[in-house]
Amino acid sequence: MATQKPERFDQVDWAEISRSRWFDLSINSIGMLATALPLLIVALYDWQILDERTPTLEPVGPAWDVGTVDYLFIFTLLLFAFYIVLPLFQNPRRTKYYWREFKRNRPAVVSLGWLAVVFVGGIFGPFFISAPEQSILTGYQPPVFLSVEQSYVSTCVGDIVGGQCQGTWQHPLGTTAGGKDVFAGIVHGMTISMQIGFITTTIVATVGITFGTVSAYAGGWVDELMMRFVDIVLSFPTLLMFLLILYIYGAGLGMFILVFAAFAWGGTARYVRSKSLSISEEEFIKANRISGASTYRVVRRHVVPNAASSIITQLTLLIPGFLLAEAQLAFLGLGDSTIPSWGQLISAGRSDLSFAPWIVLAPGMVLFLTILAFNFLGDALLDALNPEAEAENA
């Protein structure tokens, strides 16, 4: 019985393979489409049919008005679930290796636990804890186990002992001058921080990876022109642009995300270009080209996947900068005062540090720990996902 000889590598018809796999979607892409399309339908229904004053989910029960930033946040969560979390379950052997390398860094493991708390709190916290509301009569309530002079509070919610208003579990982290609960503000600030981190990073990754790979493989004058444009983007004063947008359109979380994402992708593009040029010199890339594989297939199936670990690490280290930028702008009074971000909480208590330091210290400590956790996480991911970089730094 004759057996069919296996096809030799140099006889592979890459053009046929490219045509057959152009629409060959993976289970991850199918799942992404299956969940993103209903989200798009709901968004179109909200924008085109519902009245602006009607909450999005009011027809089905909850009076929750979903905004544009919320839709983008949900979309980025779907991307995170199907293209980062799901592949970890699909490749258990590789995941075990990554985890074994990652857990060697004890501060990173603790940081991952803290970020998990922030993530869960940001996603589910607003469903159980109402947004902080102003109540002048309950202003300057101290945190539980602490006290403040009775003269600073209009109405003491807790007990009064020796002229000191005692804190209660009703306001575990105290209240601001306007009576807004600090704990509720921190929980809702987790949502704002997650929105900033996920949406801005997704935009930066999309533009930066596309721009970097195209520049690397186009070469010549196209590469030179694209890199000079990147230089212009990196040298443009982002704060000045934000102030201009603030003057024309007003402050808003969506505008902050748009402006900072529009001027933060340059570093990622340059990094991806450098990484793509390095990978393109590998022998397996040359073998694919010699065998007739198209540039699109080489980039999509080999260059980007092999550069993904370094790109993920680089993007992780960008998030603290975005969070800190929002806090700085809010502290200066340039942010959106209608959102309960950590920066707005810190700004609200800057004039009351002498007798109500908890208004600044509580959100400030949460912001500090979150930024520190992302930095530890980025360093650990660099060691776990890209051991070559660790060897070079040694």
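- The name an unreviewed UniProt entry gives the protein is Binding-protein-dependent transporters inner membrane component, with Halorubrum lipolyticum DSM 21995 as the organism.
- Its UniProt record gives the protein the following Subcellular location (unreviewed entry) comment, quoted word for word: "Cell membrane".
- UniProt's Sequence similarities (unreviewed entry) comment on the protein is quoted here verbatim: "Belongs to the binding-protein-dependent transport system permease family."

**Observations regarding the overall build of the protein**
So, step 1. Of regular secondary structure, the protein possesses 16 helices and three strands.
So, step 2. Here the protein holds 394 residues, and 42% of them are scored as buried.
So, step 3. Partitioning the intrachain contacts of the protein with sequence separation of at least 6 by distance along the chain shows that 70% fall at a separation of at least 24.
So, step 4. With the model as given, the accessible surface of the protein reaches about 22,300 Å², and the carbon-plus-sulfur share is 64%.

**Some remarks on the nonpolar core**
So, step 1. The biggest cluster of nonpolar side chains holds 74 residues, and the ones touching the most others in it are Ile186 and Phe256.
So, step 2. The dominant element in this core, judged by the number of residues it contributes, is helix 15 (residues 358–385), at 14 residues.
So, step 3. Composition of this core by domain shows at least three residues from each of domain 1 (68–126 + 187–392) and domain 2 (133–180).
So, step 4. If we skip the residues at most four places from it in the chain, phenylalanine 256 touches Ile196, Phe242, Phe322, Ala325, Glu326 and Leu329.
So, step 5. Counting residues in each nonpolar core, the second largest holds eight residues, with Met32, Tyr71, Leu78 and Phe82 among its members.

**Examining the environment of tryptophan 265**
So, step 1. Counting through the fold element by element, tryptophan 265 comes out in helix 10 (residues 265–279).
So, step 2. For the pair tryptophan 265 and phenylalanine 211, spaced 54 residues apart in the sequence, the C-alpha separation amounts to 9.1 Å.
So, step 3. Discounting chain neighbours no more than four positions away, the residues touching tryptophan 265 are Val204, Val207, Gly208, Phe211, Phe229, Val230 and Val233.
So, step 4. Within polar-contact distance, the side chain of tryptophan 265 engages the backbone oxygen of alanine 262 at 2.8 Å.

**Some details on the state of the cysteines**
So, step 1. Here the structure, examined in full by the defined rule, presents one disulfide.
So, step 2. Between the sulfur of cysteine 156 and that of cysteine 165 lies a disulfide, 2.1 Å long from S to S. One disulfide, between cysteine 156 and cysteine 165, carries an S-S torsion of 90° and so falls in the right-handed class. A single burial state applies to cysteine 156 and to cysteine 165, both of which are buried.

**Quick notes on the packing of aromatic side chains**
So, step 1. If you walk through the whole model with that rule in mind, you get 17 aromatic pairs.
So, step 2. Ring centres 5.9 Å apart and planes at 40° place the aromatic pair phenylalanine 119 and phenylalanine 198 in the tilted group. Of this pair, phenylalanine 119 sits in helix 5 (residues 106–128) while phenylalanine 198 sits in helix 6 (residues 182–218), placing them 79 residues apart in sequence.
So, step 3. The class for phenylalanine 119 is partly exposed, based on a relative accessible area of 27%.

**A look at the side chain of serine 193**
So, step 1. Residue position: serine 193 is located in helix 6.
So, step 2. Serine 193 gets classed as buried once you look at its relative accessible area, which sits at 10%.
So, step 3. If near-sequence neighbours (up to four positions away) are discounted, serine 193 is found in contact with Leu323 and Trp342.

**Structural notes on the packing of helix 2 (residues 27–48) against helix 3 (residues 68–90)**
So, step 1. For the pair helix 2 and helix 3, the least separation of the axes is 10 Å and the interaxial angle reads 170°. The pairing of helix 2 with helix 3 is recorded here as roughly antiparallel in orientation. Contact with helix 2, carried on its side by Ile27, Asn28, Ser29, Gly31, Met32, Thr35, Ala36, Leu39, Val42, Ala43, Asp46 and Trp47, involves Thr68, Tyr71, Ile74, Phe75, Leu78, Leu79, Phe82, Tyr83, Leu86, Pro87 and Gln90 of helix 3 and no other residues of that element.

**Some remarks on the UniProt feature "transmembrane region" (unreviewed entry) in the protein**
So, step 1. The positions that UniProt labels "transmembrane region" (unreviewed entry) are, in the present scheme, residues 25–45, 71–89, 109–129, 196–217, 315–335 and 355–377.
So, step 2. Split by type, residues 315–335 is 71% helix and 0% strand. Its first and last C-alpha atoms lie 24 Å apart.
So, step 3. Between the first and last C-alpha atoms of residues 355–377 the distance is 36 Å; the span itself is 87% helix and 0% strand.

**As for the confidence of the model for the protein**
So, step 1. Mean pLDDT over the protein stands at 83; residues scoring 70 or higher make up 87%.
So, step 2. Ranking the elements of the protein by mean pLDDT puts helix 16 (residues 387–393) last with 49 and helix 5 first with 93.
So, step 3. Throughout residues 390–394 the model reports pLDDT below 50, and contacts reaching past four residues in sequence, or to other chains, amount to one contact.

**Observations regarding the side chain of serine 341**
So, step 1. Among the structural elements, serine 341 can be located in the loop between helix 13 (319–331) and helix 14 (342–348).
So, step 2. Polar side-chain contacts of serine 341 include one of 2.9 Å to the side chain of glutamate 326.
So, step 3. Excluding anything up to four places from it in sequence, serine 341 contacts Gly189, Ile192 and Glu326.

**What to know about helix 8 (residues 238–249)**
So, step 1. Between its first and last C-alpha atoms helix 8 spans 16 Å; for twelve residues at 1.5 Å apiece the expected length is 16 Å, and the two agree.
So, step 2. For helix 8, the set of buried residues is Thr238, Phe242 and Ile245. Taken around the axis of helix 8, the buried residues stretch over an arc of 60°, which confines them to a single face. Pointing more than 90 degrees away from the buried face of helix 8 are the exposed residues Leu240, Tyr247 and Ile248.
So, step 3. Its buried side turned inward, helix 8 meets helix 9 (253–262) and helix 13.
So, step 4. One or two residues past the end of helix 8 sits glycine 250, with phi positive at roughly 90°.

**Examining the environment of leucine 382**
So, step 1. The topology assignment puts leucine 382 in helix 15.
So, step 2. Each C-alpha atom of the pair leucine 382 and glutamine 314 lies 8.4 Å from the other, and the pair is 68 residues apart in sequence.

Cut-offs applied
- Residues numbered from 1 in each chain as written.
- Predicted model: local features only at pLDDT ≥ 70, side-chain atom pairs only at ≥ 80, totals over all residues.
- Heavy atoms only, no water.
- UniProt positions renumbered as here; feature names shortened; annotations may be inferred.
- Helix = DSSP H or I, 4+ residues; strand = E, 2+ residues; numbered from the N terminus.
- Buried < 20%, exposed > 50% of the residue type's maximum accessible area, 1.4 Å probe, protein only.
- Contact = heavy atoms within 4.5 Å.
- Areas by Shrake-Rupley, 256 points an atom, 1.4 Å probe, with all protein chains shown as cover.
- Core = buried A, V, L, I, M, F, W, Y, C linked by side-chain atoms within 4.5 Å.
- Domains from an automatic or database assignment.
- Polar contact = N/O pair within 3.5 Å; in protein donor to acceptor, adjacent residues only side chain to side chain.
- Disulfide = S-S within 2.5 Å.
- Phe/Tyr/Trp six-rings, centres within 6.5 Å; stacked < 30°, edge-to-face > 60°.
- Axes fitted to C-alpha atoms, helices over the stretch in contact; angles between N-to-C directions.
- Parallel < 35°, antiparallel > 145°, perpendicular 65-115°, else oblique.
- pLDDT = per-residue confidence, 0-100.
- Expected span 1.5 Å × (residues − 1).
- Arc of directions from axis to C-beta.

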